[in-house]
Amino acid sequence: MKQFKDFNIRPNITSFVGDKIKIDRVLNREIIVTNYKVEPSKHHENTQCLHLEFQMNGNHHVLFTSGTILIQMIEKVPKGDFPFRTTIVKENEHFEFT
C-alpha cells in the first residue's frame, strides 16, 4: 500500500509572507518587491486591490491598496524581473513606484 508521500504532492501556497503594514510607513523608503497579486476589493465595490509582498530593512511585509496607478505600473513588470528595488512616492493625489 502506498503512503501519501509517495504521490509527491506539494502544497500550493498562495498566501504572502510578512506583517501587514500601512502604505504611509513605506512612503519614500526603499523596498524590495518580491511578489504581488491583484484581486477584486473586498471593501469597495467595482475596484481592484493590490496585495504587495516586499522586504524593508530585512523584514517581510505585505500591504494592501486600491491605488490604480500602482496597480497599472506593477502589472507591466515582467514576472521574471522579480524581486526588484523601488520606492513608493506620493505624486499629487496618487502613489507611484520610482
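See the structure above.
Now for a quick tour of the structure. Along each chain, numbering runs from 1 in the same order as the chain's sequence is written. For a predicted model such as this one, the threshold for reporting local features is a pLDDT of at least 70, and the threshold for listing and counting side-chain atom pairs is 80 or more; totals across whole chains, interfaces and linings nevertheless cover every residue. Excluded from the side-chain calculations are hydrogens and water; all other atoms, namely the structure's heavy atoms, are used.

### Some remarks on unusual backbone geometry
- In this model, Phe82 is joined to Pro83 through a cis peptide bond whose omega is -5°.
- Turning to its location among the elements, Pro83 is positioned in the loop between α1 (68-74) and β5 (84-91).
- We note that Asn28 has phi near 65°; this positive angle belongs to a residue other than glycine.
- The numbering of helices and of strands both runs from the N terminus, where a helix is a DSSP run of H or I of at least 4 residues and a strand a run of E of at least 2. Topologically, Asn28 is positioned in the loop between β1 (19-20) and β2 (30-40).
- Exposure is judged per residue with a 1.4 Å probe applied to protein chains only, and the accessible area is read against the type maximum: over 50% gives exposed, under 20% gives buried, and values in between give partly exposed. Exposure remark for Asn28: the relative accessible area of 58% places this residue in the exposed category.

### Some words on the pattern of salt bridges
- Basic side-chain nitrogens of Lys or Arg form a salt bridge, by our definition, when they fall within 4 Å of a carboxyl oxygen of Asp or Glu. Tallying each qualifying case throughout the model produces two salt bridges.
- A salt bridge links Glu30 to Arg85; the shortest N-O distance between them is 3.2 Å. Of this pair, Glu30 sits in strand β2 while Arg85 sits in strand β5, placing them 55 residues apart in sequence.
- Classification of Arg85 as exposed rests on a relative accessible area of 55%.
- Among the ionic pairs, Lys37 bridges to Glu39, the shortest N-O distance being 3.4 Å.
- A relative accessible area of 26% places Lys37 in the partly exposed class.

Geometric descriptors of this kind do not, in isolation, establish any biological role.
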